[in-house]
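# Analysis of the macromolecular model
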Amino acid sequence: MERMIFATGNEGKMREIRMILADLEVPVVSMKEAGISAEINENGKSFEDNAIIKARTIMELTGEPVLADDSGLEIDYLDGAPGIYSARYMGEDTSYDIKNQAILDQLEGVPDEKRTARFVCVIACAMPDGTILTSRGTMEGIIGHEIRGKNGFGYDPVFYLPDCCCTSAELSPDQKNDLSHRGKALRLMRELLKERMEESKEESQEENKAE
Ligand code: IMP
């Protein structure tokens, strides 16, 4: 394996991915660096489905090992919405100020114990031999009562972390990497990939011995 492609066009995500996967023996490159662009129809019914669809589509296009992620916010009081539709919730072009205010309005008067929510991230890896690996990370919290904080993106300003006494938009980037759903899923995937690379090394050593 000479390199892995991470199927994202998001540079912010790529920085985080590179930091966490830095000690893998193979470099991880973005779609842009690999010179690939593709429209992917994310029509799965779960974060796992969508991450696998993205990774498999680019793997089939390039013949190289590909990583992809899918993530979103699940709000228990809203039966898990926006969930896999987090990016598309109220329309892709609607600002997060409007989306976040709409969430606060729907939870108006709801007590803290019923405001539980989590960010979910699933990473999938599709290998040219057909192997699929997946890892899942979550960050638990509650929906706050106001929009707070300027860091992060998306739903961070309404996602309150009771243990930190702040929203995820008030965490520094390093703190968020430590705690976040994406950080956890990436670290798990790093371990799965290391195991897999060790296994392939052992297999090729066995083959060499047999020859
Ligand atoms: P995707 O995984 O790039 O498809 O993004 C899913 C959507 O989930 C994003 O557009 C955000 O709305 C939301 N989301 C995922 N992770 C985070 C996060 O760490 N903070 C805030 N919003 C997030």
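This report concerns the structure included in the present document. (Residues numbered from 1 in each chain as written. Predicted model: local features only at pLDDT ≥ 70, side-chain atom pairs only at ≥ 80, totals over all residues. Heavy atoms only, no water.)

### Some thoughts on the overall build of the chain
Per the secondary structure count, the chain includes 6 helices and 7 strands. In sequence order, the secondary structure elements of the chain are arranged as β-α-β-α-α-β-α-β-β-β-β-α-α. Taken along the three principal axes of its C-alpha coordinates, the chain extends 70 × 35 × 30 Å. For the chain, the residues scored as buried account for 45% of the 211 residues in total. Partitioning the contacts of the chain with sequence separation of at least 6, the portion at a separation of at least 24 is 59%. Accessible area for the chain stands at about 11200 Å²; split by element, carbon and sulfur atoms hold 48% of it. Of the side chains in the chain, 25 bear a positive and 41 a negative charge, and the two mean positions are spaced by 3 Å. (Helix = DSSP H or I, 4+ residues; strand = E, 2+ residues; numbered from the N terminus. Buried < 20%, exposed > 50% of the residue type's maximum accessible area, 1.4 Å probe, protein only. Contact = heavy atoms within 4.5 Å. Areas by Shrake-Rupley, 256 points an atom, 1.4 Å probe, with all protein chains shown as cover. Lys, Arg positive; Asp, Glu negative; His and termini not counted. Charge placed at Lys NZ, Arg CZ, Asp CG, Glu CD.)

### Concerning the layout of surface pockets
What the largest pocket holds in volume is close to 890 Å³. Residue lining of the largest pocket: 32 residues in total, with Lys13, Glu42, Lys54, Asp70 and Ala87 positioned closest to the centre. For the lining of the largest pocket, the secondary-structure elements that each account for two or more residues are strand S3 (66–75) and helix H6 (181–210). Broken down by element, the lining of the largest pocket gets its largest block of residues, 5 residues, from S3. Of the residues that constitute the lining of the largest pocket, the class distribution is 11 nonpolar, 10 polar and 11 charged. (1 Å grid on protein atoms, 1.4 Å probe; cavity = no way out; pocket = protein on both sides within 12 Å on 5 of 7 lines; lining within 4 Å. Points joined across faces, edges and corners; volume = space filled by probe spheres on them. Nonpolar A, V, L, I, M, F, W, Y, C, P; charged D, E, K, R; others polar.)

### As for the packing of helix H1 (residues 11–20) against H6
Where H1 contacts H6, the two axes come as close as 10 Å, and the packing angle between them is 40 degrees. Taken as axis vectors, H1 and H6 run oblique relative to one another. By crossing handedness, the relation of H1 to H6 is classed as right-handed. For the pair formed by H1 and H6, the contact residues are Lys13, Glu16, Ile17 and Ile20 on the first element and Arg182, Gly183, Leu186, Arg187 and Arg190 on the second. Looking at side-chain class alone, the contact of H1 with H6 contains 3 nonpolar, 1 polar and 5 charged residues. (Axes fitted to C-alpha atoms, helices over the stretch in contact; angles between N-to-C directions. Parallel < 35°, antiparallel > 145°, perpendicular 65-115°, else oblique. Left-handed = near helix turned anticlockwise from the far one by under 90°.)

### A short note on the pairing of strand S5 (residues 132–143)
Where strand S4 (residues 116–126) meets S5, 11 bridges bridge the pair, whose relative direction is antiparallel. Counterpart to Arg118 in the pairing with S5 is Glu140. Remark: 5 residues form the turn of the hairpin made by S4 and S5, two consecutive strands paired antiparallel; Gly130 in that turn has positive phi of roughly 95 degrees. Both S5 and strand S6 (residues 159–161) contribute to a ladder of 2 bridges, which runs antiparallel. Bridge pairing in S6 links Ile143 to Phe159. (Pairing = 2+ DSSP bridges.)

### Observations regarding the pattern of salt bridges
With the rule as written, the count across this model stands at 19 salt bridges. Between Asp76 and Arg118 there is a salt bridge, and its shortest N-O distance comes to 2.9 Å. Of the two residues, Asp76 is situated in the loop between S3 and helix H4 (96–106) and Arg118 in strand S4; the sequence distance between them amounts to 42 residues. Three or more residues joined by partner-sharing salt bridges are found here, namely Glu74, Asp76, Arg118 and Glu140. (Salt bridge = Lys/Arg side-chain N within 4 Å of Asp/Glu carboxyl O.)

### A word on the sheet that holds strand S1 (residues 4–6)
Here 7 strands make up an open sheet; going across it, the order is S2-S1-S3-S4-S5-S6-S7 and the pairing mixed. Only two strands of the sheet have a single partner each, and these edge strands are strand S2 (28–30) and strand S7 (166–167). Summarising the sheet, S1 and S2 pair through 3 bridges and their orientation is parallel. Counted as the bridge partner of Met4 is Val28 from S2. The sheet contacts of H1 involve S1, S2 and S3, and relative to S2 the element is tilted by about 175 degrees. Docked against the sheet, H6 engages S1, S3, S4 and S5, running at close to 160 degrees with respect to S5.

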